[in-house]
Number of protein chains: 2
Amino acid sequence: MATFWAIEGGVTAPLGWQAGAVAAGIKPSGKLDLILICSDQPAVTAGVFTTNLVRAASVDYDEQRLAQESHGRAIVINAGNANAATGQAGVEAVTQTAQIFAELLNLDPAEILVASTGVIGVPLPMAKIQQAAPQLVTTLSPTGSELAAQAILTTDLTVKTRALEANIDGHPVRMGAIAKGSGMIHPNMATLLAFITCDAAVEPDLWRDLLRAANTVSFNQITVDGDTSTNDLVLALSNGRAENPTVTDPASLAARLLGEMLTTLCIDLAKMVARDGEGATKLVEVQVTGARDAQSARQVARTVASSSLFKAALFGCDPNWGRIAAAAGRAGVPFAPQRLAVWLGEVQLMAEGTPLPFDRPAAVTYLKNPTVLVRLDLGGGQGQGTAWGCDLTYDYVRINGEYTT
Amino acid sequence: MATFWAIEGGVTAPLGWQAGAVAAGIKPSGKLDLILICSDQPAVTAGVFTTNLVRAASVDYDEQRLAQESHGRAIVINAGNANAATGQAGVEAVTQTAQIFAELLNLDPAEILVASTGVIGVPLPMAKIQQAAPQLVTTLSPTGSELAAQAILTTDLTVKTRALEANIDGHPVRMGAIAKGSGMIHPNMATLLAFITCDAAVEPDLWRDLLRAANTVSFNQITVDGDTSTNDLVLALSNGRAENPTVTDPASLAARLLGEMLTTLCIDLAKMVARDGEGATKLVEVQVTGARDAQSARQVARTVASSSLFKAALFGCDPNWGRIAAAAGRAGVPFAPQRLAVWLGEVQLMAEGTPLPFDRPAAVTYLKNPTVLVRLDLGGGQGQGTAWGCDLTYDYVRINGEYTT
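Residues numbered from 1 in each chain as written. Chains lettered and ligands numbered in written order. Predicted model: local features only at pLDDT ≥ 70, side-chain atom pairs only at ≥ 80, totals over all residues.

(A) View of the overall build of chain A. In terms of helices and strands, chain A carries 11 helices and 15 strands. Its C-alpha atoms give chain A a radius of gyration of 22 Å, within 12% of the compact-globule value 22 Å for 405 residues. Based on the C-alpha atoms only, the size of chain A along its principal axes is roughly 70 × 60 × 35 Å. A burial count over chain A gives 62% of its 405 residues as buried. (Helix = DSSP H or I, 4+ residues; strand = E, 2+ residues; numbered from the N terminus. Rg over C-alpha atoms; globule rule 2.2 N^0.38 Å. Buried ≥ 20, exposed ≤ 12 C-beta atoms within 10 Å, placed from the backbone.)

(B) Local environment of the nonpolar core. Counting 288 residues, the largest nonpolar core has A:Ile37, A:Val300, A:Val304, A:Leu376, B:Ile37, B:Val300 and B:Val304 as its most contacted members. Apart from the residues within four sequence positions on either side, A:Val300 is in contact with A:Val288, A:Ala291, A:Ala328, A:Ala331, A:Val333, A:Leu376 and A:Leu378. (Core = buried A, V, L, I, M, F, W, Y, C linked by C-beta atoms within 7 Å. Contact = placed C-beta atoms within 7 Å.)

(C) Representation of the sheet that holds strand E13 (residues 354-355) of chain B in the model. Residue and element names in this part refer to chain B. The strand order across the open sheet built from 6 strands is E13-E12-E11-E14-E10-E15, with neighbouring strands paired in mixed fashion. Every interior strand has two partners, whereas the edge strands, E13 and strand E15 (383-390), have only one. As paired elements, strand E11 (residues 341-344) and strand E12 (residues 347-351) share 3 bridges and run antiparallel to each other. Across the sheet, residue Leu-344 finds its bridge partner in E12, namely Val-347. Packed on one face of the sheet, helix H6 (residues 253-275) meets strand E10 (283-291) and E15 and runs near 40° to E15. (Pairing = 2+ DSSP bridges. Axes fitted to C-alpha atoms, helices over the stretch in contact; angles between N-to-C directions.)

(D) Summary view of the pairing of strand E8 (residues 193-198) of chain A. Residue and element names in this part refer to chain A. Here E8 lies mainly inside the structure; 6 of its 6 residues are buried. Of the two faces of E8, both are covered, the one formed by Leu-193, Phe-195 and Thr-197 as well as the one formed by Ala-194, Ile-196 and Cys-198. Across 6 bridges, the pairing between strand E7 (residues 171-180) and E8 is antiparallel. Each residue of the ladder has a partner; that of Lys-180, found in E8, is Leu-193. One ladder, built from 6 bridges, connects E8 with strand E9 (residues 233-238); its direction is parallel. The residue bridging Cys-198 from the neighbouring strand is Ser-238, located in E9.

(E) Local environment of helix H7 (residues 294-306) of chain A. Residue and element names in this part refer to chain A. Across its 13 residues, H7 extends 18 Å between first and last C-alpha, which sits within 8% of the 18 Å expected from 1.5 Å per residue. Within the span of H7, buried status applies to Ser-296, Ala-297, Arg-298, Gln-299, Val-300, Ala-301, Arg-302, Thr-303, Val-304, Ala-305 and Ser-306. Looking at the buried residues of H7, the elements they touch are strand E10 (283-291), helix H8 (308-315), helix H9 (321-329), strand E14 (371-377) and strand E15 (383-390). (Expected span 1.5 Å × (residues − 1).)

(F) How the structure looks around the domain arrangement of chain A. Residues and elements named next belong to chain A. When its domains are assigned, chain A resolves into domain 1 (4-275) and domain 2 (283-401). Computed from C-alpha coordinates alone, the two centres of domain 1 and domain 2 are separated by 32 Å. Contacts between domain 1 and domain 2 engage 10 residues on the former and 13 residues on the latter. (Domains from an automatic or database assignment.)

(G) Region of the structure containing the interface of chain A and chain B. In this complex, chain A contributes 51 residues to the contact, which on the side of chain B involves 51 residues. Those elements giving two or more residues to the side of chain A that touches chain B turn out to be H8, H9, strand E13 (354-355) and helix H11 (394-401) of chain A. With 7 residues, H9(A) is the largest single contributor of residues to the side of chain A that touches chain B. Considered class by class, the residues forming the side of chain A that touches chain B number 23 nonpolar, 22 polar and 6 charged. (Nonpolar A, V, L, I, M, F, W, Y, C, P; charged D, E, K, R; others polar.)

(H) Focus on the relation of the copies chain A and chain B. Its rotation angle being 180°, the transformation that places chain A on chain B also includes 0.0 Å of axial translation and leaves an RMSD of 0.0 Å. Here the copies are linked by what is in effect a two-fold axis. Nearest to the rotation axis, the C-alpha of A:Tyr394 is located 2.7 Å from it, this being the minimum over chain A. A high fraction, 100%, of the interface residues of chain A reappear at the interface in chain B, so the copies pair face to face through one surface. (Least-squares fit on C-alpha atoms with pLDDT ≥ 70 in both.)

In structure tokens, the structure reads:
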């Protein structure tokens with residue numbers, strides 16, 4: 001059976017990858033805010049992008065790039081400015097950013113991807129980026145992932161990084177990632193950015209399919225506050241430096257292994273993002289079984305994880321199965337309420353749509369854990385799915401509602 | 001042109017209607033909790049019900065009743081117990097409630113409707129209801145609306161009542177209503193209940209269509225926390241006591257007037273419910289124009305009004321147009337972001353998808369008003385729609401997240 005294991009090194013764990021970061025002055029705090037991730041040879045590139053119609057210029061740019069070109073070499077990321085809703089100035093800023101770094105790295109601008117997170121409505125300060133760019137290139141290092149993982153954060157409290165290794169057809173293959181989650185740059189919104197590097201040789205269409213499949217069960221299944229950012233994106237690049245025989249057959253063991261690594265990596269990062277949601281004190285995992293199909297199960301799981309009433313109860317350590325059942329009922333997925341079963345951790349709260357007597361103090365104590373598991377069985381099929389979220393706290397309101405005077 | 005005017009009297013304003021309430025001991029506080037609204041002759045009856053799959057027994061009961069029978073005489077309402085997720089015991093409790101009051105009022109059980117709000121998962125305490133029923137009947141009064149409006153409240157802070165009068169074909173016609181909104185009975189959820197009485201003579205199918213149309217632009221357009229209750233319902237009964245020629249033609253002036261009265265009544269009550277949302281300090285009205293059609297406009301308006309990020313900004317008096325634009329962009333309605341315009345009150349914040357400079361302190365001051373207007377123009381058609389919501393506050397988290405130990 002396919003196996004893989006965790007390693008250190010984040011996005012610079014795979015062969016041929018370097019990363020670096022500088023403080024370009026985009027974040028008012030003066031912290032690191034401009035990041036470069038770079039491969040020493042062209043990498044098969046895939047991406048998934050926010051479904052929001054109001055999108056950052058970089059999101060449009062990357063999506064167009066990927067539609068035309070299957071390979072890329074470098075990603076330039078800035079934190080502190082989302083470059084969203086900035087009109088033509090924003091579009092030009094992205095093009096110019098790609099040009100600046102293409103020149104410095106001696107690449108084609110088409111090989112450069114761009115990502116942004118931060119305040120909305122302000123065009124990128126191009127003079128600052130231009131000035132900091134040469135220095136940023138000098139920071140590139142095969143151990144630079146940690147610095148990059150720090151620099152992409154906004155109000156995130158924790159660094160989000162992970163790397164895995166496997167043996168594919170006799171070759172060690174590595175995959176690494178960094179992400180940022182639900183922090184807010186005054187005065188705007190949470191953004192999910194994730195960057196995945198790999199050294200496997202893999203066929204572009206297969207790589208894209210593997211990323212989409214992994215994203216469906218990971219980043220698409222987390223919720224902090226139900227708001228989809230203008231800037232969300234996940235980019236995955238694999239440069240072939242592992243020199244394994246190129247993975248092309250989706251049914252092969254190698255493809256399945258790559259897919260499992262990608263899925264594990266994305267789920268791990270997604271959970272880190274949910275746990276570090278704005279104001280969150282705990283992670284909740286909502287598992288749904290017995291649905292008509294996997295998509296229905298995922299939808300019910302997402303709806304429960306995003307219910308404000310349930311999230312507030314979670315904060316208050318209130319074993320409120322009524323809110324769980326009610327959220328499931330409004331998910332837009334047909335099921336028979338009289339077959340519904342609900343568990344909190346190991347304790348069953350509801351069976352056949354009817355509440356069970358349960359040890360309430362024990363349930364309250366369970367809810368004080370930093371990770372809480374909620375399970376629902378809809379009793380109507382083989383579909384299963386999982387979603388992750390966090391509690392709704394005073395701090396969420398404080399962070400997002402502070403008087404700006 | 002059709003006109004109507006406000007009058008006093010709530011659900012007992014129309015001819016032939018009486019209401020009463022007693023404390024049956026269902027609310028632990030000992031407050032009024034059992035309510036009866038009664039017509040002295042059969043009334044054309046229409047209802048709209050929660051779309052949640054997990055529903056209270058009374059909701060199922062009423063919907064089945066209305067599918068079989070176009071007329072009703074009385075509504076029995078209890079507060080303090082939702083009788084939801086109570087299995088067979090809950091179903092029997094509703095049937096028994098109807099029988100008890102049918103006997104006391106000398107009616108057919110099929111003429112009685114039942115509604116509940118309160119804690120989930122506990123069957124109705126039938127002994128208490130049985131015991132209090134005779135006394136409840138003695139409280140019936142043609143000026144009893146105020147008492148009934150008080151008694152249906154749970155953690156609502158304000159009574160929600162309204163009545164209107166018009167002249168239809170030479171006859172004075174009255175319409176009245178009471179509602180309860182987003183209060184929570186420990187440990188459970190917000191419920192919207194609204195009861196509308198009328199003395200017009202109207203054809204049953206037309207009455208049903210008028211209620212659905214009114215509901216679409218009123219109760220369906222308010223959001224407090226995005227959670228749909230198991231118990232939500234709106235019932236509208238019209239007993240013909242005004243002795244107007246029966247309204248049958250949807251295109252007639254009389255039908256249009258009835259429809260406008262019903263719509264006005266429902267919008268007024270819906271706004272009262274949104275303003276009194278759990279923890280809310282202000283009402284927000286989101287108007288959307290320039291959509292492909294009215295449904296799209298309503299959907300964008302609802303999405304903005306329910307965005308947690310926007311609601312927290314509203315609480316913090318932060319003129320965060322980025323969150324408004326971003327919420328519109330994820331509403332699932334196609335529009336061209338580069339045509340988007342946004343106003344806060346009279347101040348335009350965004351034009352052609354690009355932020356405008358604006359007087360920030362003035363905008364912050366505007367946001368301190370108890371009612372805030374947000375307007376979006378999507379620049380893509382004639383569709384318009386409105387939604388109402390409230391801010392997300394520390395108190396919402398406190399009310400719904402209190403430790404239950």
